[in-house]
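Understanding the architecture of this molecule
Take a look at the letters that make up each chain.
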Amino acid sequence: MSRETTVAYVEKILSSYLETDELVRDEEGDIPIRRGSALYYVRVGQREPYRVEVVSSVLSGVEESYELLRELNEINSGIYGIQAYHRKGRVIFSADMLAESLQAEELERACALISGCADKYDDELQAKFGGRKTFEDAE
């Protein structure tokens, strides 16, 4: 499957999942989606084998610490299918899937997991470790 075919397939799945005909893309070609106080992106990788990634920067401006990494490890051990990690001052939740075998239900589940976990854990992690959420309110 070519990258263009993969992008079209992902767009079709997301349009149905989000019940919209108009997906917005950022300058990098990623599709940003907001849920509550969280923002996540769906992107297709640039190299073969193509991967589809769902990623959310849950908090920014967070210092790495043993306690933070331990908390993220606890999140990882309790939720199958996503990774929670710290990188360059940000707490990130992500899931990635191989595009070649991607099923609509798999992408929809990844979107639901990432958005739900990001919206749930951003307040808890911010209270313990500081940092800034993408959106401070859940409008």
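Being a predicted model, the structure only gives us computed values, none of them experimental. (Residues numbered from 1 in each chain as written. Predicted model: local features only at pLDDT ≥ 70, side-chain atom pairs only at ≥ 80, totals over all residues. Heavy atoms only, no water.)

**A few points about the overall build of the protein**
- Of regular secondary structure, the protein possesses 3 helices and 5 strands.
- Put simply, the protein runs from its N terminus to its C terminus through helices and strands in the order α-β-β-β-α-β-β-α.
- For a compact globule of 139 residues, the expected C-alpha radius of gyration is about 14 Å, and the protein comes in at 15 Å, within 12% of that figure.
- On the principal axes, the C-alpha backbone points of the protein span a range of 40 × 30 × 25 Å.
- Scored against the burial criterion, the 139 residues of the protein give a buried share of 39%. (Helix = DSSP H or I, 4+ residues; strand = E, 2+ residues; numbered from the N terminus. Rg over C-alpha atoms; globule rule 2.2 N^0.38 Å. Buried < 20%, exposed > 50% of the residue type's maximum accessible area, 1.4 Å probe, protein only.)

**Some words on the pairing of strand E2 (residues 38-44)**
- Of all 7 residues that make up E2, 5 are buried, and the element is covered over most of its length.
- Between strand E1 (residues 31-35) and E2, which follow one another and run antiparallel, lie 2 residues, and Gly36 among them has a positive phi close to 60 degrees.
- In this structure, E2 lies alongside strand E3 (residues 51-60), joined through 4 bridges in antiparallel fashion. Residue pairing in the sheet places Val44 in a bridge with Val52 of E3. (Pairing = 2+ DSSP bridges.)

**A look at the packing of aromatic side chains**
- Within this structure, the stated rule accounts for 1 aromatic pair.
- A centroid spacing of 6.2 Å and a plane angle of 70 degrees characterise the contact between Phe93 and Tyr121, whose relative ring orientation is edge-to-face. Residue Phe93 is found in strand E5 (residues 90-98), and its partner Tyr121 is found in helix H3 (residues 104-129); the two are separated by 28 residues along the sequence. Each member of the pair Phe93 and Tyr121 is classed as buried.
- Positioned above the aromatic ring of Phe135 is the side chain of Arg34, whose terminal nitrogen or guanidinium carbon lies 3.6 Å from the ring centre. (Phe/Tyr/Trp six-rings, centres within 6.5 Å; stacked < 30°, edge-to-face > 60°. Lys NZ or Arg CZ within 6 Å of the ring centre and 35° of its normal.)

**Some points on the sheet that holds E3**
- Ordered in space as E1-E2-E3-E5-E4, the 5 strands form an open sheet in which the pairing is antiparallel. Taken across any chain shown, the strands that pair with only one partner, and hence form the sheet edges, are E1 and strand E4 (83-87). Adjacent strand axes in the sheet meet at a mean angle of 25 degrees when their direction is disregarded.
- Taken strand by strand, helix H1 (residues 3-18) contacts E1, E2 and E3, and its axis lies near 145 degrees from that of E2.
- Sheet strands touched by helix H2 (residues 66-78): E4 and E5. Its angle to E4, the strand with the most contacts, is close to 160 degrees. (Axes fitted to C-alpha atoms, helices over the stretch in contact; angles between N-to-C directions. Contact = heavy atoms within 4.5 Å.)

**Observations regarding the nonpolar core**
- The biggest cluster of nonpolar side chains holds 37 residues, and the ones touching the most others in it are Val42, Val52, Val54, Val91, Phe93 and Leu107.
- Sorting the residues of this core by element identifies H1, E1, E2, E3, H2, E5 and H3 as the ones contributing at least two each.
- Per-element accounting of this core gives the leading share, 9 residues, to H3.
- In contact with Val91, not counting residues within four places along its chain, are Ser56, Ser57, Val58, Leu59, Val62, Leu68, Leu72, Tyr85, His86 and Leu125. (Core = buried A, V, L, I, M, F, W, Y, C linked by side-chain atoms within 4.5 Å.)

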